[in-house]
Amino acid sequence: VQLQASGGGLVQAGGSLRLSCTASGRTFSDYAMAWFRQAPGKEREFVAVINWSGGSTYYVDSVKGRFTISRDNAENTVYLQMNSLKPEDTAVYYCAARLSRYLVTNRSECQYWGQGTQVTVSS
């Protein structure tokens, strides 16, 4: 499956962005979809995941209550709505997929990756 992420940009602290990741090549609803991020000089970290149906989600503690992951299987797209952004959210954000009915939070479990989209939050 091929993943194409978009929606990044520059925003002031407290602002919002919505990232999108569109998939092609396989049956999108067979995949758990996740977002990861990587800040300069840091390891790529898990941010959020959604199961195949959209009925189950999980977030890293640092984004709970601020970020929302969702998916539209008819449009083969997963979203990450990011509100109340902080400078520490600055990173390249990657979408990832795993052929699974279960949630995945470990980057080694993800089989496919998008190209990344830069999110920069100014203070």
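Residues numbered from 1 in each chain as written. Predicted model: local features only at pLDDT ≥ 70, side-chain atom pairs only at ≥ 80, totals over all residues. Heavy atoms only, no water.

A.B. asks: Any chance you could break down the packing of aromatic side chains for me, citing the residues and the numbers?
C.D. replies: All told, the structure shown has 5 aromatic pairs when counted by the stated rule. Plain terms: the ring middles of F46 and Y58 are 6.0 Å apart, the flat faces sit at 25° to each other, and that makes the pair stacked. Of this pair, F46 sits in strand 5 (residues 45–50) while Y58 sits in strand 6 (residues 57–59), and the two are 12 residues apart along the sequence. Y58 sits in the partly exposed class, given a relative accessible area of 41%. Between Y94 and W113, the aromatic rings sit 6.5 Å apart at their centres with planes inclined by 80°, giving edge-to-face as the arrangement. Placement of the pair is Y94 in strand 9 (residues 91–99) and W113 in strand 10 (residues 112–113), with a sequence separation of 19 residues. By relative accessible area, which is 29% here, W113 ends up partly exposed. Aromatic rings pair up to connect F36, F46, Y58, Y94 and W113 into one cluster. Across from the ring centre of F28, 4.4 Å away, lies the NZ or CZ of R71, which sits over that ring. The residue whose ring lies beneath R101 is W52, and the NZ or CZ to ring-centre distance is 3.9 Å. (Phe/Tyr/Trp six-rings, centres within 6.5 Å; stacked < 30°, edge-to-face > 60°. Helix = DSSP H or I, 4+ residues; strand = E, 2+ residues; numbered from the N terminus. Buried < 20%, exposed > 50% of the residue type's maximum accessible area, 1.4 Å probe, protein only. Lys NZ or Arg CZ within 6 Å of the ring centre and 35° of its normal.)

A.B. asks: How would you sum up the pattern of salt bridges? Please name residues and give values.
C.D. replies: Counted by the stated rule, this structure contains 5 salt bridges. R37 is the partner of E45 in a salt bridge, and the nearest nitrogen-oxygen pair spans 2.6 Å. With relative accessibility at 5%, the residue R37 sits in the buried group. Each of the salt bridges in this network shares a partner with another, and the network as a whole consists of R37, E45, R66 and D89. (Salt bridge = Lys/Arg side-chain N within 4 Å of Asp/Glu carboxyl O.)

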